[in-house]
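# Remarks on the overall topology
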Amino acid sequence: MITRPSPWAHRVAAIATAVLPLALSPNAAHAEALPKVGNNGERLVWQRDEVAVCIDDAANAIQDLPQHLRTAFLTWAAVPSIPTFELWRDRCDVVITLSDNLAGRDDALAICGLAYASTTGLARATITINPRYFESIGDATVDPSAYDLPSILAHELGHALGLEDDLDDATATMYGTTSRGDVAQRTLAEGDVDAITAQYLIR
Ligand SMILES: [Zn+2]
């Protein structure tokens, strides 16, 4: 029997062209490739000025998460002419969740998966925080033994904007690893600014 695909199934296929896990690890450096262009050569960027971020029920268990997210938004707000993040309850381009579904990166503090539509660029990002580190993440300016959650979120939001890891500069927000007490990734390095500016140069 041959059936016609339903319009819904077709739409899902078009949106979920690529879902790429990108991890921030607590220890070893790692390299992961993120294509900057889609199947038809289009740039992997948000085609809008404001990107809505929401927190799902699972991630609501993380203490002070809205506050840490707003701190992470400020990291990227330092760059003009790129999309700005806003926290929403009922709109969701980027969802923050807490789940052990980590695409094989069980060692990662957090991962970011991206989905894009072949005609409109980035369509959805999912930032998954690893519950293994639930007790170890927080505000490292207050508790130096914590992995700094605003830094982790700033890094993953960089992926949500379409950036790859920075493999060279350990002070960069997009460097792939962090350690306890390290808050360097709250502040963009020159390489971060250059990369995001290039990514959103032509829209
Ligand atoms: Zn990364």
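Residues numbered from 1 in each chain as written. Predicted model: local features only at pLDDT ≥ 70, side-chain atom pairs only at ≥ 80, totals over all residues.

Moving on to the overall build of the chain. The secondary structure content of the chain amounts to 4 helices and 8 strands. Listing the helices and strands of the chain from first to last along the sequence gives α-β-β-α-β-β-β-β-β-β-α-α. Per-residue burial for the chain yields a buried fraction of 34% across its 203 residues. Taking contacts inside the chain between residues at least 6 apart in sequence as the whole, the part at least 24 apart equals 70%. (Helix = DSSP H or I, 4+ residues; strand = E, 2+ residues; numbered from the N terminus. Buried ≥ 20, exposed ≤ 12 C-beta atoms within 10 Å, placed from the backbone. Contact = placed C-beta atoms within 7 Å.)

Glancing now at unusual backbone geometry. A positive phi angle, close to 65°, is found at S81, a residue other than glycine. Within the fold, S81 resides in the loop between α2 (65–77) and β3 (84–87). On the basis of neighbour counts, which here come to 10 C-beta atoms within 10 Å, the residue S81 falls in the exposed class. Located in the positive-phi region is A103, a residue other than glycine, with phi close to 50°. With respect to the helices and strands, A103 occurs in the loop between β4 (94–98) and β5 (110–117).

The next point concerns the nonpolar core. I127 and L157 are the most contacted members of the largest nonpolar core, which totals 40 residues. Secondary-structure elements contributing two or more residues to this core are β2 (50–55), α2, β4, β5, β6 (121–129), α3 (149–160) and α4 (190–199). Looking at which element gives the most residues to this core, the answer is α3, with 6 residues. Ignoring any residue separated from it by four or fewer positions in sequence, one finds L157 in contact with A72, W76 and F85. (Core = buried A, V, L, I, M, F, W, Y, C linked by C-beta atoms within 7 Å.)

The next thing to look at is the packing of α2 against α3. When two helices pack together, their arrangement is given by the angle between the helix axes and by the axis-to-axis distance. At a minimum axis separation of 8 Å, α2 and α3 run at an interaxial angle of 50°. Considering their axes alone, α2 and α3 lie oblique with respect to each other. As α2 runs across α3, the sense of the crossing is right-handed. Each of H68, L69, T71, A72, T75 and W76 in α2 lies in contact with α3, whose residues at this interface are L149, P150, L153, A154 and L157. (Axes fitted to C-alpha atoms, helices over the stretch in contact; angles between N-to-C directions. Parallel < 35°, antiparallel > 145°, perpendicular 65-115°, else oblique. Left-handed = near helix turned anticlockwise from the far one by under 90°.)

The α-helix winds at 3.6 residues per turn, so residues separated by three or four positions along the chain end up facing the same way. Burial in α4 covers these residues: D192, A195, I196 and Q199. In a view along the axis of α4, the buried residues occupy a sector of 90°, so they form one face of it. Turned more than 90 degrees away from the buried face of α4, the exposed residues are E190, D194 and A198. Tucked inside the fold, the buried residues of α4 contact α3. (Arc of directions from axis to C-beta.)

Next up on the list: the environment of A58. Here A58 is to be found in the loop between β2 and α2. Note on A58: 14 C-beta atoms within 10 Å, which makes it partly exposed.

In this model, the chain carries a mean pLDDT of 83, and residues with pLDDT of at least 70 account for 76%. When the elements of the chain are averaged for pLDDT, helix α1 (residues 7–15) gives the smallest value, 35, and α2 the largest, 98. pLDDT under 50 marks residues 2–20. Its contacts with residues more than four places away, or in other chains, come to 20 contacts. Low pLDDT (under 50) marks residues 27–33, which in the prediction has 12 contacts with non-local residues, meaning those over four places away or in another chain. (pLDDT = per-residue confidence, 0-100.)

We now examine the environment of L69. By the secondary structure assignment, L69 is in helix α2. Taking the number of C-beta atoms within 10 Å as the measure of exposure, L69 has 25 and is therefore buried. As for L69 and F85, which are separated by 16 residues in sequence, their C-alpha atoms are 9.4 Å apart. In this view, L69 contacts V53, L87, I96 and L153; residues no more than four positions away in its chain are not counted.

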